[in-house]
Amino acid sequence: MSWGTELWDQFDNLEKHTQWGIDVLEKYIKFVKERTEIELSYAKQLRNLSKKYQPKKNSKEEEEYRYTSTRAFLATLNEMNDYAGQHEVISENMTSLITGELSRYVQELKQERKSHFHDGRKAQQHIETCWKQLEASKRRFERDCKEADRAQQYFEKMDADINVTKADVEKARQQAQLRHQMAEDSKAEYSSTLQKFNSEQHDHYYTHIPNIFQKIQEMEERRIVRIGESMKTFAEVDRQVIPIIGKCLDEITKAAESIDHKNDSQLVIEAFKSGFEPPGDVDFEDFTQPMKRTVSESSLSNSRGDGKSEPKFGGKSKGKLWPFIKKNKLMSLLTSPHQPPPPPPASASPSAVPNGPQSPKQQKEPLSHRFNEFMTSKPKIHCFRSLKRGGAGPEDFSNLPPEQRRKKLQQKVDELNKDIQKEMDQRDALTKMKDVYIKNPQMGDAASVDQRLAELGQNIEKLRLEVQKFEGWLAEVEGRLPVRTEQARRQSGLYEAQNTSAVNSCAQDRESSPDGSYTEEQSQETEMKVPATEFDDEFDDEEPLPTIGTCKALYTFEGQNEGTISVAEGEMLYVIEEDKGDGWTRIRRNEDEEGYVPTSYVEVYLDKNAKDS
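Everything numeric in this text was worked out from a predicted model, so none of it was measured. (Residues numbered from 1 in each chain as written. Predicted model: local features only at pLDDT ≥ 70, side-chain atom pairs only at ≥ 80, totals over all residues. Heavy atoms only, no water.)

So, the side chain of Arg588
Looking at the element boundaries, Arg588 is found in strand β3 (residues 584–588). There is a polar contact of 3.2 Å between the side chain of Arg588 and the side chain of Glu594. (Helix = DSSP H or I, 4+ residues; strand = E, 2+ residues; numbered from the N terminus. Polar contact = N/O pair within 3.5 Å; in protein donor to acceptor, adjacent residues only side chain to side chain.)

As structure tokens, this is what we get:
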């Protein structure tokens, strides 16, 4: 099956068909381009969607992501971001493997097609020229034959006419012979041209055209194979990202399965628990007899002294106001067993009450006053709302309910202890550097770090005083809260992870500190101390110093002392701390290697921003 033999006379149709094939290829390229644009647009929309719902830094939304359900949602957003990346990979691979390759192939195909059909047209023009030559030779032979026949007839006529002279007869005879010779020459030329044309025509239809058409057929078959391979690549590009997309979906499923409703419910308790006890029963007051009224009020006062609650309101709408009451008013109404009761009114004793008409007013006045106070405490909600909006509150967080106050104080103590640990680590580092200077005076002046060591010592003392202050408030709050188990009091995972040895070591650190003189709640304070090992972890996780420039080692330096780093001559490194006047520059080779080298050993190139700062 060959186009050269089967379609020898379909040159024009083959030209149209091959052009159609190129158009199909270009149409497929356009289809793939639009697919890549769709993938890119889809990936961009997915990324924007994921970014839109990501929690904003330092906002209330970040606090919401401590719940397992919101953390699962955050994991879903991150996986969707990766999911979008796979669609970008699809677009990139289709562009490089299909669109780019086929576009180059189409240009090559057009050039090859143009060359083949140019050769075909040239062959057709040649055979047409041969045919024209044959036709011209044939017409000339026909004309000469006719001329020779007329000349022969004229000669015969002249020869038969007796009136014609012999000279005229001879002339007619010569003319007839001449025409006959010309006819013979035309015949020979026509025969030769015919043979040549037949040979050319045979070569044209059995050699030249079949070869050209065979090349065109091969070209078209390569085009068909190429578009088939491109379609396979089209599917394979999608298939390659399916495992990764499947992993993304598996991670989303895993995140959904990690949602713990019990844990989220416990977190709600930790976030909003106030620590107050529910109000107790309201004592009945009998106003029918003055003496009973007095006794009733006395018993009410005693009930306050015994720690019973005394909300003087009747109705659910009023009862909802009690969490927003200011601390001193709330504690006067709901007196804790750890706080002494308020003094009773002067006429509260039954023996001091005169049996007269004024006694009911004197007995009713304190209760009414308390009830009015409770009822008029509603405007304090404004203060509570301002606190929720992030307004500045008192240093001891006394504007918060007890449980929330305890959590805030504990958080503050933890932060201060972390700051103390960081200062102590810096002091230890400077102490080591000072020892290096003492052993090797040529490396720097040991007295140059004394001022910084003194500053660190002062900072540590200040921070310890702050810790003691907040621990005192914390002990006060925990003393007023109802007695609970240790596990209930330490709901934070930080304290659940503590062991006995860590707590004892923290207690010993406090006793050895110059300011650890708070002994009223010694056992509680030691429990609130955070173990030093956790601070070590926190310090290790501290972000590295940013690079402020680069430097080139002028000489080789062997860093044999602690805190130094060895460098080779000509080595390029990063500068993370300038020379502070002690002759040392802090540099970094990589994330794990950094230290000090003599400033005179390196040539420093500071960044422009570092110089400006």
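Overview of the nonpolar core
Counting 31 residues, the largest nonpolar core has Leu25, Tyr28, Met94, Ile98, Phe213 and Ile216 as the members making the most contacts within it. Of all elements in the fold, only α2 (11–52), α4 (68–160) and α5 (166–257) reach the threshold of two or more residues within this core. In terms of residue count, the dominant contributor to this core is α4 (11 residues). Not counting chain neighbours up to four residues away, the residues in contact with Leu25 comprise Leu102, Tyr105, Val106, Leu109, Arg223 and Ile227. Met433, Ile548, Ala553 and Val567 belong to the second largest nonpolar core, which has 22 residues in total. (Core = buried A, V, L, I, M, F, W, Y, C linked by side-chain atoms within 4.5 Å. Buried < 20%, exposed > 50% of the residue type's maximum accessible area, 1.4 Å probe, protein only. Contact = heavy atoms within 4.5 Å.)

As for the sheet that holds strand β5 (residues 602–606)
The sheet built from five strands is open, its strands ordered β4-β3-β2-β1-β5 with antiparallel pairing. Only two strands of the sheet have a single partner each, and these edge strands are β4 (594–598) and β5. For this sheet, the mean inter-axis angle between neighbouring strands, taken without regard to orientation, is 40°. When strand β2 (residues 572–577) meets β3, the two strands line up antiparallel, connected through three bridges. Its bridge partner lying in β3, Glu577 is registered against Arg586. (Pairing = 2+ DSSP bridges. Axes fitted to C-alpha atoms, helices over the stretch in contact; angles between N-to-C directions.)

A closer look at the confidence of the model for the chain
Averaged over all residues, the pLDDT of the chain is 76; the fraction at 70 or higher stands at 71%. Looking at the elements of the chain, mean pLDDT is at its lowest for helix α15 (residues 493–496), recorded as 37, and at its highest for α2, recorded as 94. Overall, residues 292–391 carries pLDDT values under 50, and its contacts beyond four positions in sequence, including any with other chains, amount to 118 contacts. Across residues 482–541, where pLDDT falls below 50, the model places 88 contacts with residues more than four positions away in sequence or in other chains. (pLDDT = per-residue confidence, 0-100.)

So, the pattern of salt bridges
Overall, the coordinates contain 25 salt bridges when judged by the stated rule. The partner of Glu26 in a salt bridge is Lys110, with the nearest N and O atoms 2.7 Å apart. Here Lys110 lies in helix α4 and Glu26 lies in helix α2, a separation of 84 residues in the sequence. Glu26 sits in the partly exposed class, given a relative accessible area of 30%. For Glu170, the salt bridge is made with Arg173, and the minimal N-O distance between the two is 2.0 Å. Here Glu170 pairs with Arg173, and both are found in helix α5, just three residues apart, close to one helical turn. Its relative accessible area of 32% is what places Glu170 among the partly exposed residues. Look at Arg173 and you get partly exposed, because its relative accessible area is 27%. One salt-bridge network, in which partners are shared between bridges, spans Glu577, Arg586, Arg588 and Glu594. (Salt bridge = Lys/Arg side-chain N within 4 Å of Asp/Glu carboxyl O.)

Topic: the pairing of β2
As defined by bridge partners, strand β1 (residues 549–553) adjoins β2 across four bridges and the pair is classed as antiparallel. Bridged to Lys552 within β2 is Met572. A loop of six residues connects β2 with β3, the two strands running antiparallel in sequence, and Gly581 in this loop sits at a positive phi of about 100°.

Focus: the environment of His126
The residue His126 is located in helix α4 in this model. We classify His126 as partly exposed; its relative accessible area is 41%. Separated by 78 residues in the primary sequence, His126 and His204 place their C-alpha atoms 8.9 Å from one another. Here the side chain of His126 touches Glu200 through a polar contact of 2.8 Å, side chain to side chain.

Observations concerning the packing of α2 against α5
At a minimum axis distance of 11 Å, the contact between α2 and α5 shows a crossing angle of 15°. Classed by the angle they form, the pair α2 and α5 counts as roughly parallel. The crossing of α2 and α5 is left-handed. Counted by class, the contact of α2 with α5 contains 15 nonpolar, four polar and four charged residues. (Parallel < 35°, antiparallel > 145°, perpendicular 65-115°, else oblique. Left-handed = near helix turned anticlockwise from the far one by under 90°. Nonpolar A, V, L, I, M, F, W, Y, C, P; charged D, E, K, R; others polar.)

Focus: the environment of Gln266
Relative to the helices and strands, Gln266 resides in helix α6 (residues 261–272). Owing to a relative accessible area of 32%, Gln266 belongs among the partly exposed residues under this scheme. Linking Gln266 and Tyr67, residues 199 residues apart in sequence, is a C-alpha distance of 9.7 Å.

As for the environment of Gly275
With respect to the helices, strands and loops of the structure, Gly275 is situated in the loop between α6 and α7 (290–305). Given a relative accessible area of 12%, Gly275 falls into the buried group.

Section: α6
An ideal rise of 1.5 Å per residue puts 16 Å on 12 residues; α6 measures up with 17 Å between its terminal C-alpha atoms. Taken together, the buried positions of α6 are occupied by Asp264, Leu267, Glu270 and Ala271. The buried residues of α6 all sit within an arc of 115° when viewed along its axis, so they share a single face. Within α6, the exposed residues directed more than 90 degrees away from the buried face are His261, Lys262 and Phe272. Contacts made by the buried residues of α6 are with α4 and α12 (402–439). Looking at where α6 begins, the residue whose side-chain oxygen comes 3.1 Å from the main-chain nitrogen of Lys262 is Asp260. (Expected span 1.5 Å × (residues − 1). Arc of directions from axis to C-beta.)

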